[in-house]
Amino acid sequence: MSCCCDQNDEESTLTTPLSSSSEPTVTDSTVTISPMNSHFAALTCGDTLRLIFEKLSLTDLARASCVCKAWNAVASDDEMIMEAFMAPWKLLDVVGKPSSRNFWRDNGIGKFAISHRILRGETVASLAVKYSVQVMEIKRLNNMMSDHGIYSRERLLIPISNPDILINDTCYIELDTYAKREVAVLYLDGKPDRKPGTLLNRVTSDRSKKRVIDSLKRSMQVDDGTAQYYLSISDGDPRAALSQFSSDLRWERQTGLA
């Protein structure tokens, strides 16, 4: 059995500070943990930083990249940024490389869109009902001045109303000709057409069509949408489009609508 003094000696040993200094220890509650503080060298370790930064949002990741070189090296990593971009929507993958890194700065739902291939008889209103969005939202995203603009296009970008549609799916970064900006596009019917030369042919075709539409606009003195509408119902024949427009104009004047 031990005596009382032995017990006191044991308690004294357990409560003795580890510091060899006899000076009292002062705790500063204002100390900030940062890589500039030598007591926290772990915060400059790349592996440790990666584990921490994987939990950050895009905004916080951008802030972290401004702290110091060690943090910037990890926070600016392309893979790290892409993961932060996909995380809120639980995306499986994002395919493609944007023309500018600024694309990754915003991952709001407005950055995404559904690609819809236009079928005969469809209208902007019918697509708005199908995808549960507003007509003006579709027109704004696709830079459409009027509903007639749908007839001159092969597809429309549809705003996403239900974010759950992105879960475990893949988006493709594309620069849309009509939207005039890069968008993360979701294809509900599979992958996009990536055949060699398809994009080049499409661009060439779009340029030729634009010249024809500009000519029709000047001749008819109408907006883009109206010129595109008459060109589409005339199977791309500018002369037939002008003839049809003149016929409609005469009818409006005769009935007193013009």
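Residues numbered from 1 in each chain as written. Predicted model: local features only at pLDDT ≥ 70, side-chain atom pairs only at ≥ 80, totals over all residues. Heavy atoms only, no water.

Now for helix α5 (residues 78–86). Residues that lie three or four places apart on an α-helix share one face, since the helix turns once every 3.6 residues. Three or more residues of α5 are buried, namely Met80, Ile81, Ala84, Phe85 and Met86. On its buried face, α5 is in contact with α2 (46–53), α3 (58–64), α4 (69–75), β1 (93–95) and β2 (112–117). Among the residues of α5, the N-terminal cap falls to Asp77, whose side-chain oxygen and the backbone nitrogen of Glu79 are separated by 3.2 Å. (Buried < 20%, exposed > 50% of the residue type's maximum accessible area, 1.4 Å probe, protein only. Helix = DSSP H or I, 4+ residues; strand = E, 2+ residues; numbered from the N terminus. Contact = heavy atoms within 4.5 Å. Polar contact = N/O pair within 3.5 Å; in protein donor to acceptor, adjacent residues only side chain to side chain.)

Here the focus is a negative patch on the surface. A contiguous patch of negative charge on the surface is contributed by Glu54, Glu79, Glu83 and Asp93. Positionally, Glu54 belongs in the loop between α2 and α3. (Patch = residues over 30% accessible without salt bridge, like charges linked within 9 Å, V, L, I, M, F, W, Y side chains within 5 Å. Areas by Shrake-Rupley, 256 points an atom, 1.4 Å probe, with all protein chains shown as cover. Salt bridge = Lys/Arg side-chain N within 4 Å of Asp/Glu carboxyl O. Lys, Arg positive; Asp, Glu negative; His and termini not counted. Charge placed at Lys NZ, Arg CZ, Asp CG, Glu CD.)

Right, let's get into the pattern of salt bridges. One pass over the full model with this rule turns up seven salt bridges. With its nearest N and O atoms 3.2 Å apart, the salt bridge here joins Arg63 to Asp60. Placement of the pair is Arg63 and Asp60 together in helix α3, with a separation of three residues, close to one helical turn. With a relative accessible area of 33%, Asp60 lands in the partly exposed category. Note that Lys217 is salt-bridged to Asp224, the shortest N-O span being 2.7 Å. Its relative accessible area of 33% is what places Asp224 among the partly exposed residues. Connected through salt bridges with shared partners, the residues Arg155, Glu174 and Asp176 form a single ionic network.

For Ser234, the position within the fold is in the loop between α9 (224–233) and α10 (238–255). The residues contacting Ser234, other than those within four sequence positions of it, are Ala240 and Ala241.

A separate point is the pairing of strand β3 (residues 155–159). For β3, the buried fraction is high: five of the five residues fall into the buried class. By the alternation rule, side chains of β3 split into Arg155, Leu157 and Pro159 and Leu156 and Ile158, which are all buried.

To continue, consider α10. For α10, spanning 18 residues, the distance from its first C-alpha to its last is 26 Å, which sits close to the expected 26 Å at 1.5 Å a residue. Just downstream of α10 lies Gly256, where phi reads positive at about 80°. (Expected span 1.5 Å × (residues − 1).)

Bringing the packing of aromatic side chains into the picture now. Considering all chains together, one arrives at ten aromatic pairs under this definition. Between Phe85 and Trp104, the aromatic rings sit 5.0 Å apart at their centres with planes inclined by 85°, giving edge-to-face as the arrangement. Separated by 19 residues along the polypeptide, Phe85 in helix α5 and Trp104 in the loop between β1 and β2 bring together distant segments of the chain. This pair shows no difference in class: Phe85 is buried, exactly as Trp104 is. Look at Trp89 and Phe112: their rings are 6.2 Å apart centre to centre, the planes differ by 75°, and that puts the pair in the edge-to-face class. With Trp89 in the loop between α5 and β1 and Phe112 in strand β2, the pair connects residues that are 23 residues apart, well separated along the chain. Look at Trp89 and you get buried, because its relative accessible area is 18%. When its relative accessible area of 1% is taken as the criterion, Phe112 is described as buried. Of the aromatic side chains, those joined through ring pairs into one cluster are Phe85, Trp89, Phe103, Trp104 and Phe112. Over the ring of Phe103 we find Lys111; its NZ or CZ atom is 4.6 Å from the centre of that ring. Positioned above the aromatic ring of Tyr178, the side-chain terminus of Arg153 is 3.9 Å from the ring centre. (Phe/Tyr/Trp six-rings, centres within 6.5 Å; stacked < 30°, edge-to-face > 60°. Lys NZ or Arg CZ within 6 Å of the ring centre and 35° of its normal.)

Across the six residues that make up β2, a large majority, five, are buried. Sheet topology places β2 next to strand β5 (residues 181–186); three bridges connect them, and they run parallel. Bridge pairing in β5 links Ile114 to Leu186. As paired elements, β2 and β3 share five bridges and run antiparallel to each other. Looking at β3, one finds that Arg117 is bridged to Arg155. (Pairing = 2+ DSSP bridges.)

With that settled, consider unusual backbone geometry. What you tend to see is this: most non-glycine residues have negative phi, and most peptide bonds are trans. Its identity is not glycine, yet Asn143 carries a phi of approximately 55°, on the positive side. Note on placement: Asn143 falls in the loop between α7 (135–141) and β3. Taking relative accessible area as the criterion, Asn143 reaches 40% and is therefore assigned partly exposed. The phi dihedral of Asn168 is positive, around 55°, even though this residue is not glycine.

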